[in-house]
Structure formats: C-alpha cells, structure tokens
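Observations on the model geometry
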Amino acid sequence: QVQLVESGGGLVQPGGSLRLSCAASRSIFSIYAMGWYRQAPGKQRELVAEFTSGGKTNYADSVKGRFTISRDNAKNTVYLQMNSLKPEDTAVYYCHARTVVSTYEYDYWGPGTQVTVSS
C-alpha cells in the first residue's frame, strides 16, 4: 500500500505560481505511475501530469508549457510546479499512484489540496 499526502495548495492571483508536493509513505522508485489529477466543481477528475513506467511524462494539453512535474526519489516525493496560473486552474489537486502486482493494478489517492486562482 501507499499513503499519499499533498501540500502546497492555496490562493494565488492569476499569473502567479505555486508548487505542490506529494509525499509517499514508501519508496516511489518502483511505482508504476505517479502524478497529479485535479477536479473542479461540477467537473470530472482529470489528469494534470504524471510519470509513467520508463520515466516518461504525460501532461494535459491545458497545462503544457506552464506546469512541470518532477520527483525526488530520495524523499519519496513528487512535485508539481505551476506557473502562469489561470482562474480555470482552480480545483482540488489530488496526488495519484498506481502499483502493479502480477496483473493487478492498484490505485492510491491523496486527500487533495485546494488551489484557487483568483484576483
């Protein structure tokens, strides 16, 4: 199992920056996929950015060029640097991890952190 805890959310003005952190309870080195999703009021949860197996990264088109995902394996932590924030980035941001054991996939979620972009 993996416990995930997010931090770093808050209120920021349009054009501002925030950095989210996700601390995992165990080594993230061998986790199959790990990253960030978000859910705005009345909308479905959507992928923001993630590391997949083999070290590849995926980004939602809406955040490409503005957000950067990174990781520190020694600290079991994944980060999301968010620049040039827009009001439409307002959402609860969730850390996600997927492990694979044999042919079974297991998904883990953090409790979420609120990001509000408003003037």
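The notes below deal with the structure included here. Note that residues are indexed from 1 along each chain, following the sequence as it is written. The predicted nature of this model means local features are confined to residues of pLDDT at least 70 and side-chain atom pairs, given and counted, to a pLDDT of 80 or more, with totals for whole chains, interfaces and linings taken over all residues. Computation of side-chain values: all heavy atoms of the structure, hydrogens and water removed.

**Here we look at the overall build of the protein chain**
Only DSSP runs of H or I reaching four residues or more are called helices, and only runs of E reaching two or more are called strands; each is numbered from the N terminus. In terms of regular secondary structure, the protein chain is built from zero helices and 11 strands. Each helix (α) and strand (β) of the protein chain, taken in turn from the N terminus, gives the series β-β-β-β-β-β-β-β-β-β-β. Seen along its three principal axes, the alpha-carbon backbone of the protein chain occupies a region of about 50 × 30 × 25 Å. Throughout this description, buried means an accessible area under 20% of the type-specific maximum (1.4 Å probe, protein chains only), exposed means over 50%, and partly exposed covers the range between. In the protein chain, which comprises 119 residues, the proportion classed as buried is 41%. Note on areas: Shrake-Rupley, 1.4 Å probe, and residue coverage restricted to the protein chains presented here. Just so you have it, the protein chain exposes about 6500 Å², and 47% of that area is on carbon and sulfur atoms. His is not counted, nor are the chain ends, whereas Lys and Arg count as positive and Asp and Glu as negative. Charge coordinates come from a single atom per side chain, which is NZ of Lys, CZ of Arg, CG of Asp or CD of Glu. One way to put it: in the protein chain the 12 positive side-chain charges average out to a point 3 Å from where the 9 negative ones average out.

**Points about a nonpolar patch on the surface**
On the surface, a nonpolar cluster with roughly 320 Å² of combined accessible area is contributed by Val101, Tyr104 and Tyr106. The exposure class assigned to Val101 is partly exposed, which follows from its relative accessible area of 47%. Residues enter patches when they are more than 30% accessible in relative terms and free of salt bridges; like-charged ones are connected within 9 Å and nonpolar ones (Val, Leu, Ile, Met, Phe, Trp, Tyr) within 5 Å. Salt bridges, as used here, are contacts in which a Lys or Arg side-chain nitrogen is within 4 Å of a carboxyl oxygen on Asp or Glu.

**Thoughts on the nonpolar core**
Residues grouped as a nonpolar core are buried Ala, Val, Leu, Ile, Met, Phe, Trp, Tyr and Cys residues, joined through side-chain atoms within 4.5 Å. Ranked by internal contacts, the top residues of the largest apolar core, which has 30 residues, are Leu4, Met34, Trp36, Leu80, Met82 and Tyr93. Of all elements in the fold, only strand E3 (18-24), strand E4 (33-39), strand E5 (46-51), strand E7 (67-72), strand E8 (77-82), strand E9 (91-101) and strand E11 (113-117) reach the threshold of two or more residues within this core. Residues are treated as being in contact if the distance between any of their heavy atoms lies within 4.5 Å. Not counting chain neighbours up to four residues away, the residues in contact with Leu4 comprise Cys22, Ala23, Ala24, Met34, Cys95, His96, Ala97, Tyr108, Trp109, Gly110 and Pro111.

**Structural notes on the pattern of salt bridges**
Within this structure, the stated rule accounts for six salt bridges. Asp107 is the partner of Arg98 in a salt bridge, and the nearest nitrogen-oxygen pair spans 2.8 Å. Under the relative-accessibility criterion, Arg98 is labelled partly exposed at 25%. The partly exposed category is assigned to Asp107, whose relative accessible area is 37%. Each of Arg38, Glu46, Arg66 and Asp89 takes part in one network of salt bridges that share partners.

**Concerning the state of the cysteines**
A pair of sulfur atoms, both from cysteines and within 2.5 Å, is called a disulfide here. Going through the model one piece at a time under the given rule, you end up with one disulfide. At a sulfur-sulfur separation of 2.0 Å, the disulfide partner of Cys22 is Cys95. The sign of the -85 degrees torsion about the S-S bond sets the Cys22-Cys95 disulfide as left-handed. Taken as a pair, Cys22 in strand E3 and Cys95 in strand E9 lie far apart in primary sequence, 73 residues in all.

**Observations concerning the environment of Gln44**
Position of Gln44 relative to the elements: it lies in the loop between E4 and E5. Overall, Gln44 belongs to the exposed group, its relative accessible area being 71%. Those residues in contact with Gln44 that sit more than four places away from it in its chain are Arg38 and Gln39.

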